[in-house]
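# Examining the three-dimensional arrangement
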Amino acid sequence: MRKQQTLSKSSFFSGIGLHSGNPVSLAIHPAPSNTGIVFVKHIGDHIHSLPASIDFLGNTDHCTTLESGDFQIQTVEHILAALVGMEVDNVYVELEGNEIPAADGSAATFVEIIQQAGIVEQTPPRTYLKVVEPITVGDDQRSISVIPSPLPKITYFIDFPNHPLIQQQEFVHACTPVEFQKHIASARTFAFRKEVEFLWSRGLGLGGSLLNTVVFSDSDLVNEGGLRFTDECVRHKVLDLIGDLALLSIPVVGHFEARCSGHWLHAELVKAIRNQPEKWILFNAGTQTKTDITSATQMNSPVTFLPDLQPAFQTL
Ligand SMILES: [Zn+2]
């Protein structure tokens with residue numbers, strides 16, 4: 001069991017949004033214990049906030065979107081994966097645009113800026129959700145479950161029988177920061193060339209390029225640099241799942257088993273976990289409690305702002 005963690009100082013990054021194609025900047029700031037991960041944006045004189053919680057889930061079409069009123073953020077899953085994968089619990093992620101920068105299509109850049117800032121311990125212990133009975137969503141074709149396990153673990157299976165470079169892939173990930181950095185963080189998002197024009201016609205993927213997406217033709221790979229791992233696709237699916245599970249706002253001790261799943265089904269599992277409290281317990285530092293999940297995650301509490309958060313982008 002560990003204590004809660006945040007960053008030791010603010011960290012900054014700029015790039016383009018994968019789906020909008022617009023320039024976007026972000027800053028990750030340290031936050032007090034029990035804050036969780038909260039996206040913030042200056043609009044005029046006001047600071048708008050959007051906690052990384054399933055309560056604010058928007059569209060899950062090709063990426064995960066959070067929204068509350070006029071404040072919408074696309075493609076939150078890769079930065080959330082980096083934060084959760086590195087066990088950073090409490091931060092403000094300040095945005096200038098409406099989308100997280102695409103970086104190289106993976107979580108590697110976000111891991112880098114987290115490490116540049118440094119991770120520091122806070123006083124309160126981290127509360128975990130321990131699964132004691134299986135929870136499943138999906139059907140025979142696509143499903144995801146979480147079953148009891150002494151350690152957090154993910155097994156992901158994908159099947160693309162019509163593409164010779166993908167076909168069936170399975171990856172088993174032991175959820176620790178070391179394993180995340182080594183095997184998952186640098187796996188890039190992927191797409192098929194024949195789908196790309198269709199995405200563009202729907203206003204998605206406008207910032208996509210071979211710099212931030214693995215693109216497959218009918219039988220080959222378009223990127224000249226090749227794959228980072230022969231099973232890069234399934235590793236990226238693990239990355240996406242870690243990011244989407246951040247919307248539960250509390251780390252899970254259990255074994256996730258995903259089969260041909262995606263953002264929508266990941267979110268359905270998060271809702272199912274929330275809605276079936278008889279199938280898990282909360283615990284920290286050796287204690288087991290049956291307290292209300294909201295008291296452990298602060299997921300419904302309003303953000304109390306923000307004495308030292310200045311508009312970061314004036315200095316960029
Ligand atoms: Zn992704």
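Everything numeric in this text was worked out from a predicted model, so none of it was measured.

Attention now moves to the overall build of the chain. A count of helical and extended segments in the chain gives seven helices and 20 strands. Computed over its C-alpha atoms, the radius of gyration of the chain comes to 19 Å, within 12% of the 20 Å expected for a compact globule of 316 residues. Over its C-alpha atoms, taken along the principal directions, the chain stretches across nearly 50 × 50 × 35 Å. Evaluated residue by residue, the chain yields a buried proportion of 44% over its 316 residues.

Here we take up the environment of D61. For D61, the position within the fold is in the loop between β5 (46–51) and β6 (66–68). Under the C-beta neighbour-count criterion, D61 is labelled partly exposed, with 15 such atoms within 10 Å. With 202 residues separating them in the primary sequence, D61 and H263 have C-alpha atoms 7.7 Å apart.

Here the focus is the environment of T109. Structurally, the position occupied by T109 is in helix α2 (residues 108–117). On a C-alpha basis, the gap between T109 and A27 in space is 13 Å, while along the polypeptide they are 82 residues apart. Not counting residues within four places of it along the chain, the set of residues in contact with T109 comprises F13, A103 and D104.

Turning to the domain arrangement of the chain, a few remarks are in order. Looking at the assigned domains, one finds that the chain contains domain 1 (3–125 + 295–306) and domain 2 (128–291). Centre-to-centre separation of domain 1 and domain 2, based on C-alpha positions: 19 Å. At the level of elements, α1 (77–85), α2 and α7 (293–297) are the ones that each hand at least two residues to the side of domain 1 that touches domain 2. With eight residues, α1 is the single largest residue contributor to the side of domain 1 that touches domain 2.

The next point concerns helix α4 (residues 193–201). Counting buried positions along α4 yields zero of nine residues, so the element is predominantly exposed. Once α4 finishes, G203 follows within two positions and takes phi at roughly 75 degrees, a positive value.

Our next topic: the packing of α1 against α2. In contact at an axis separation of 8 Å, α1 and α2 are set at 45 degrees when each is read in the N-to-C sense. It follows from the interaxial angle that α1 and α2 lie oblique. When you trace α1 past α2, the crossing you get is right-handed. Facing α1, whose interface residues are H78, I79, A82 and L83, α2 presents F110, V111 and I114. Split by residue class, the contact of α1 with α2 holds six nonpolar, one polar and no charged.

Reading the values: rules and limits
Chains are numbered independently. Their residues run from 1 in the order of the written sequence. Given that this is a predicted model, residues contribute local features only at a pLDDT of at least 70 and side-chain atom pairs are listed and counted only at 80 or more, while totals for whole chains, interfaces and linings are drawn from all residues. Per the convention used, a helix needs a DSSP run of H or I reaching at least four residues, while a strand needs a run of E reaching at least two, with both numbered from the N terminus. Radius of gyration: C-alpha atoms only; globule rule: 2.2 Å multiplied by the number of residues to the exponent 0.38. Labels follow a simple rule on C-beta atoms placed from the backbone: if 20 or more others lie within 10 Å of a residue's own, it is buried; if 12 or fewer, it is exposed; otherwise it is partly exposed. Once C-beta atoms are placed from the backbone, any two residues with those atoms within 7 Å are in contact. Annotation comment: domain bounds sourced from an automatic or database domain assignment. Axis definition: a line fitted to C-alpha atoms, limited for helices to the stretch in contact. Angles are taken between N-to-C directions and run from 0 to 180 degrees. When describing relative orientation, an angle under 35 degrees is termed roughly parallel and one over 145 degrees roughly antiparallel, while 65 to 115 degrees is termed roughly perpendicular and anything else oblique. What makes a crossing left-handed is the near helix being turned counterclockwise from the far one by less than a right angle; a clockwise turn instead makes it right-handed. Residues are grouped as follows: nonpolar covers Ala, Val, Leu, Ile, Met, Phe, Trp, Tyr, Cys and Pro; charged covers Asp, Glu, Lys and Arg; every other residue, Gly included, is treated as polar.

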